[in-house]
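# Structural description and commentary
Listed below, chain by chain, are the residues.
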Amino acid sequence: MQRSKSKSAFDRAKGLIPGGVNSPARAFGGVGGTPIFIDHAAGPYLFDIDGNKYIDFIGSWGPMILGHAHPKVVEAIQTTAIKGSSFGAPTEMESQMAELIISMVPSIEMVRMVNSGTEATMSALRLARGYTGRDLIVKFAGCYHGHVDSLLVQAGSAATTLGVPSSPGIPKGCTADTIVLRYNDIEELKNTFNKMGDKIACVILEPVVGNMGLIPPSSGFLKELRGLTTQFGAVLILDEVMTGFRLSAGGAQQLLGIEPDLTALGKIVGGGLPVGAYGGKKEIMAKVMPSGPVYQAGTLSGNPLAMAAGIVVLTELKKNPPYEKLEKYAQRLEVGLREAAYSSKIPHVINRVGSMWTLFFTSTPVTDYDSAKLSDTKMFSKFFWAMMDRGVYLPCSQFEAAFNSITHDDAIIDLTLKAARDSFAEINS
Ligand code: KE4
């Protein structure tokens, strides 16, 4: 495949935008080469500016569960836009969106719209600290919750694994109250709570991880976490920016039977427009300004266009739940990928929950960040480009999850498996 137009577009962009992209995840840093520049998309397909067509397994990193350019979403945005795009004043669409979210996510009794997943998690953290009057927060190494200062940390050397900033520009003070633990490590969790549970404001985690590649919670981990947070009066925040409305209509929490105190949402809730949300128990949400003292605001929060797109998508997911179909097709893909990798004698692990999955190039089970990092990223990159050249666009990093949409049907799965068989053979030659 020739991609000369993307190459020159990238050269142009690099002189204008840091790294040529408006988000690092798109820069192909994990696989090398030039990112493709997109002209348009439809259903399961992306079309780049060189006229190449790809089966898309990124789906805008999660939002496109109904496929790209869904007619109902397009129509909702068009008809709303002619009435004005933003007023800075309340509209009834915001209440309609709130009613939808509350009806679909059982633990959410009240919700506030924001403009990104980052804003959702940042606001939920501030609310948990304001509600409990405590400062310490717990996160897990490898989980990503957006570019929130206090969550851009790596495990520190201190015995309590207090966080140290993982980016320049973040003062030590911002992460000094962040404890970083190992995902799925129940013992470490228990020890931490027994040591300082009464000082912990909240625990935030991805209930099913997408940002280390796909990692499911081990059995008992979430239940233990719920028990400890309840016992010590800490707020349990589930970051469902990726998993919300994807793993079931009520997200990972409904699929796995865990009831958090607060939930952060994003991606699907905006139908591809910039939307985030955080919500949970009324008693906690009532602390958010102007009903309470915890400040949070946003010029474009709940804007009509984003509400229109999100309402269409959530309504569709509620009325015609696609989850059995998503499971059926994704399972077929998983089995086919295993067979293809196996017959090429390539060490691999596939982690999957519903329509989120990751093919790791490793022979070690992937259960946390350390085990994920044992993967052979060079093999991943070779596979990524072999698939690209066969018209399949995987997430451009070993440490990201792939996302199927309802348009990734049998025919698409067949095309993907054919490309995978040939790609495994190529990289193994
Ligand atoms: P945004 O601020 O990017 O809308 O959401 C941040 C966020 C929060 N929580 C979870 C679990 C997330 O996965 C994300 C964002 N996900 C990345 C993909 N790993 C978005 C891609 C990007 O940063 O460009």
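Residues numbered from 1 in each chain as written. Predicted model: local features only at pLDDT ≥ 70, side-chain atom pairs only at ≥ 80, totals over all residues. Heavy atoms only, no water.

### What to know about the pairing of strand β5 (residues 136–140)
Within β5, five of the five residues are buried, which leaves the element mostly enclosed by the surrounding structure. Along β5, one buried face is formed by Leu-136, Val-138 and Phe-140 and the opposite face, lined by Ile-137 and Lys-139, is buried too. Two elements, β5 and strand β9 (residues 200–205), share three bridges in a ladder whose sense is parallel. Paired with Leu-136 across the strands is Ile-200, a residue of β9. Of the strand pairs in this sheet, β5 and strand β8 (residues 178–181) are connected by four bridges, and their pairing is parallel. Bridged to Ile-137 within β8 is Thr-178. (Buried < 20%, exposed > 50% of the residue type's maximum accessible area, 1.4 Å probe, protein only. Helix = DSSP H or I, 4+ residues; strand = E, 2+ residues; numbered from the N terminus. Pairing = 2+ DSSP bridges.)

### Some details on the sheet that holds strand β3 (residues 53–56)
Read across the sheet, four strands follow the order β1-β2-β3-β15 without closing on themselves; strand pairing throughout is mixed. Across the chains shown, the open sheet's two edge strands, defined by having one partner strand only, are β1 (38–42) and β15 (392–393). Of the strand pairs in this sheet, β3 and β15 are connected by two bridges, and their pairing is parallel. By the bridge assignment, Asp-56 is partnered in β15 with Tyr-393. The strands that helix α14 (residues 410–427) touches are β2 (45–48), β3 and β15; relative to β3, the one it contacts most, it runs at about 105 degrees. (Contact = heavy atoms within 4.5 Å. Axes fitted to C-alpha atoms, helices over the stretch in contact; angles between N-to-C directions.)

### Looking at the sheet that holds β9
Strand order in the open sheet formed by seven strands is β4-β12-β11-β10-β9-β5-β8, with mixed pairing between adjacent strands. Either end of the sheet is taken by a strand with one partner, and the two such strands are β4 (110–114) and β8. Averaged over all neighbouring strand pairs, the angle between strand axes comes to 20 degrees, with direction disregarded. One ladder, built from three bridges, connects strand β10 (residues 235–239) with strand β11 (residues 262–265); its direction is parallel. When the bridges of β11 are listed, Asp-239 appears paired with Ala-264.

### Remarks on the packing of helix α2 (residues 71–81) against helix α10 (residues 304–319)
Running from N to C, α2 and α10 cross one another at 150 degrees; their axes reach a closest spacing of 9 Å. Of the possible angle classes, the one that applies to α2 and α10 is roughly antiparallel. Crossing hand, α2 versus α10: right-handed. Judged by residue contacts, Lys-72, Val-73, Ala-76, Ile-77, Thr-80 and Ala-81 of α2 engage Pro-304, Leu-305, Ala-308, Ala-309, Val-312, Val-313 and Glu-316 from α10. Split into classes, the residues belonging to the contact of α2 with α10 amount to 10 nonpolar, one polar and two charged. (Parallel < 35°, antiparallel > 145°, perpendicular 65-115°, else oblique. Left-handed = near helix turned anticlockwise from the far one by under 90°. Nonpolar A, V, L, I, M, F, W, Y, C, P; charged D, E, K, R; others polar.)

### Thoughts on the site of the ligand
Ser-23, Thr-118, Asn-211, Asp-239 and Glu-400 are the nearest of the 16 residues found near the ligand. Contact between the ligand and Glu-400: a nitrogen atom at 2.8 Å from a side-chain N or O atom of the residue. Contact with the protein chains removes 86% of the 540 Å² of surface that the ligand exposes when unbound. Within the shell around the ligand, the residues separate by chemical class into five nonpolar, seven polar and four charged. There are two domains that each give the shell around the ligand at least three residues, and those are domain 1 (4–65 + 322–427) and domain 2 (71–319). (Near = heavy atom within 4 Å. Polar contact = N/O pair within 3.5 Å; in protein donor to acceptor, adjacent residues only side chain to side chain. Areas by Shrake-Rupley, 256 points an atom, 1.4 Å probe, with all protein chains shown as cover. Domains from an automatic or database assignment.)

### Here's the deal with the domain arrangement of the protein chain
Examined at the domain level, the protein chain breaks down into domain 1 (4–65 + 322–427) and domain 2 (71–319). For domain 1 and domain 2, the distance between their C-alpha centres works out to 26 Å. Across the boundary between the two partners, domain 1 contributes 27 residues, which contact 27 residues of domain 2. Taking both sides of the interface into account, the surface hidden between domain 1 and domain 2 amounts to around 2,200 Å²; carbon and sulfur atoms contribute 65%. On the domain 1 side of the contact with domain 2, Tyr-323, Val-353 and Met-356 bury the most area, a combined 29% of that side's loss. (Buried area = accessible area lost by both parts, 1.4 Å probe.)

### Things to note about the packing of aromatic side chains
One pass over the structure, following the stated rule, counts 18 aromatic pairs. With a centroid separation of 5.3 Å and an interplanar angle of 85 degrees, the aromatic rings of Phe-384 and Trp-385 are classed as edge-to-face. With relative accessibility at 0%, the residue Phe-384 sits in the buried group. Put simply, the rings of Phe-28, Tyr-54, Phe-361, Phe-380, Phe-383, Phe-384, Trp-385, Tyr-393 and Phe-424 touch in pairs and so form one group of aromatic residues. Directly above the aromatic system of Tyr-45 lies the positively charged group of Lys-53, at a separation of 4.1 Å from the ring centroid. (Phe/Tyr/Trp six-rings, centres within 6.5 Å; stacked < 30°, edge-to-face > 60°. Lys NZ or Arg CZ within 6 Å of the ring centre and 35° of its normal.)

### Re α10
Taking 1.5 Å per residue as the helical rise, α10 with its 16 residues ought to reach 22 Å, and the 22 Å between its terminal C-alpha atoms agrees with that figure. Summarising burial for α10: 13 of the 16 residues are buried, a large majority. Taking the backbone nitrogen of Leu-305 as reference, a side-chain oxygen 3.1 Å away marks Asn-303 as the first, capping residue of α10. (Expected span 1.5 Å × (residues − 1).)

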